[in-house]
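So the chains spell out like this:
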Amino acid sequence: MGPRIAVLASGGGTNLKAIIDHYAALNTCAGSIELVASNRETAGALERAHAAGIPAESFDSGDDGSALIDLLHRFSIDLVVLAGYLKHIPGSVIEKYHGRIINIHPGLLPDFGGAGMYGARVHAAVLASGATSTGLTVHFVDDEYDHGPVIAQWRLRVKIDDTPESLAERVLSAEHIVYPRVVEMVAALTDSGLAADF
Ligand code: GRF
């Protein structure tokens, strides 16, 4: 029992895989993954979902949000998890799912976030700044990119010989450990009537 969870992904979905594996390994997790959805019909994430026996759907992300809202309603979704979802979430969706959409960012917000700051660009900007640490942030989604309240962060040291690729690899490995557990935590809090209020 617990919240019905949808994961939205635009790409290959390694975080999606980590979440699916975590939920499959522990039958004590709060909530359940009931839908994987993508703005791209060919997203690898949809194949992963299909292989795991989870409904996988694509939707038109170019509208005012009604296609996504219809889809989330059709599957009675309570909690939306963005895992490498690259499109903007329309205000109508944010309003309907206020406090119930979370995202993971491969940097320590509020630094190195915002529109256009994704993937390798984040790690290149971290290195160019001379920062001595980087990491990941899980946060609620509001109507500004990478802006909503922070739920969890994990800090990693930037090494002297790091490249954007080596940083990306280390941060992503940490994401795979942190994100499934934070999803589970948010689901458990939601289930206990202690959903975040902001
Ligand atoms: C991750 O680095 C995540 O922080 C960002 O998008 C990437 C998704 O990777 N939001 P994957 O599709 O889960 O492999």
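You'll find the structure just up there.
Since this is a predicted model, take the numbers as computed values, not measurements.

What counts as what
- Residues numbered from 1 in each chain as written.
- Predicted model: local features only at pLDDT ≥ 70, side-chain atom pairs only at ≥ 80, totals over all residues.
- Heavy atoms only, no water.
- Buried < 20%, exposed > 50% of the residue type's maximum accessible area, 1.4 Å probe, protein only.
- Helix = DSSP H or I, 4+ residues; strand = E, 2+ residues; numbered from the N terminus.
- Pairing = 2+ DSSP bridges.
- Right-handed = clockwise from strand over helix to strand, strands pointing away.
- Core = buried A, V, L, I, M, F, W, Y, C linked by side-chain atoms within 4.5 Å.
- Contact = heavy atoms within 4.5 Å.
- Arc of directions from axis to C-beta.
- Axes fitted to C-alpha atoms, helices over the stretch in contact; angles between N-to-C directions.
- Parallel < 35°, antiparallel > 145°, perpendicular 65-115°, else oblique.
- Left-handed = near helix turned anticlockwise from the far one by under 90°.
- Nonpolar A, V, L, I, M, F, W, Y, C, P; charged D, E, K, R; others polar.
- Near = heavy atom within 4 Å.
- Polar contact = N/O pair within 3.5 Å; in protein donor to acceptor, adjacent residues only side chain to side chain.
- 1 Å grid on protein atoms, 1.4 Å probe; cavity = no way out; pocket = protein on both sides within 12 Å on 5 of 7 lines; lining within 4 Å.
- Sits in = over half its atoms within 2 Å of the grid points.

Visitor: Could you clarify how one ought to interpret the pairing of strand E4 (residues 79-82) in this entry?
Guide: Residues in a regular strand project their side chains so that they alternate between the two faces of the sheet. Because side chains alternate across E4, one face comprises the buried residues Leu 79 and Val 81, and the other comprises Val 80 and Leu 82, equally buried. Note that strand E1 (residues 4-8) and E4 share 4 bridges and pair parallel. By the bridge assignment, Val 7 is partnered in E4 with Val 81. Running through helix H4 (residues 91-96), the crossover from E4 to the neighbouring parallel element strand E5 (residues 101-105) is right-handed.

Visitor: Explain the nonpolar core to me, please; I cannot follow it from the model alone.
Guide: Within soluble globular proteins, side chains that are nonpolar generally end up buried alongside one another. Ranked by internal contacts, the top residues of the largest apolar core, which has 34 residues, are Ile 5, Val 138 and Tyr 179. Among the elements that make up this core, the one with the highest residue count is helix H6 (residues 164-191) (8 residues). Contacts of Ile 5, omitting those with residues within four sequence positions, involve Tyr 23, Ala 30, Gly 31, Ser 32, Ile 33, Glu 34, Leu 35, Ile 77, Leu 79, Val 81, Val 183 and Ala 187. Counting 20 residues, the second-largest nonpolar core is a separate cluster that includes Phe 59, Leu 71, Tyr 85 and Ile 101.

Visitor: How should I be thinking about helix H2 (residues 44-51) in this particular structure?
Guide: Along an α-helix, a turn takes 3.6 residues, which lines up residues three or four apart on a common side. Listed in full, the buried residues belonging to H2 are Ala 45, Leu 46 and Ala 49. Angularly, the buried residues of H2 cover 100° about the axis, an arc narrow enough to put them on a single face. More than 90 degrees from the buried face of H2, the exposed residues found are Glu 47, His 50 and Ala 51. Residues of H2 that are buried in the fold lie against helix H1 (14-25), strand E2 (32-38) and strand E3 (56-58).

Visitor: Got a minute to help me understand the environment of Ala 128 in this structure?
Guide: Mapped onto the secondary structure, Ala 128 falls in helix H5 (residues 120-129). As a C-alpha pair, Ala 128 and Pro 164 span 36 residues in sequence and 9.8 Å in three-dimensional space.

Visitor: What's the story with the packing of H1 against H6 in this structure? I'm lost.
Guide: How two helices sit against one another is set out by the angle between their axes and by the gap between those axes. H6 packs onto H1 with a crossing angle of 50° between their chain directions and a minimal axis gap of 9 Å. Judged on the interaxial angle alone, H6 and H1 are oblique. Relative to H6, H1 is oriented so that their crossing is right-handed. When H1 is examined against H6, the residues Thr 14, Asn 15, Ala 18, Ile 19, His 22 and Tyr 23 are found in contact with a partner set consisting of Leu 172, Glu 175, His 176, Tyr 179, Pro 180, Arg 181, Val 183, Glu 184 and Ala 187. Looking at side-chain class alone, the contact of H1 with H6 contains 8 nonpolar, 4 polar and 3 charged residues.

Visitor: Any chance you could explain the site of the ligand here in plain terms?
Guide: Near the ligand you find Gly 13, Thr 14, Asn 15, Gly 84, Ile 104, His 105, Pro 106, Leu 172 and Glu 175, and these make up its full shell. A distance of 3.1 Å separates an oxygen atom of the ligand from a polar atom in the backbone of Gly 13. Asn 15 is positioned such that a nitrogen or oxygen atom in its backbone is 2.8 Å from an oxygen atom of the ligand. Given that more than half its atoms are within 2 Å of the pocket grid, the ligand belongs to the largest pocket. At the level of elements, H1, E5 and H6 are the ones that each hand at least two residues to the shell around the ligand. Across the shell around the ligand, the residue classes tally to 3 nonpolar, 5 polar and 1 charged.

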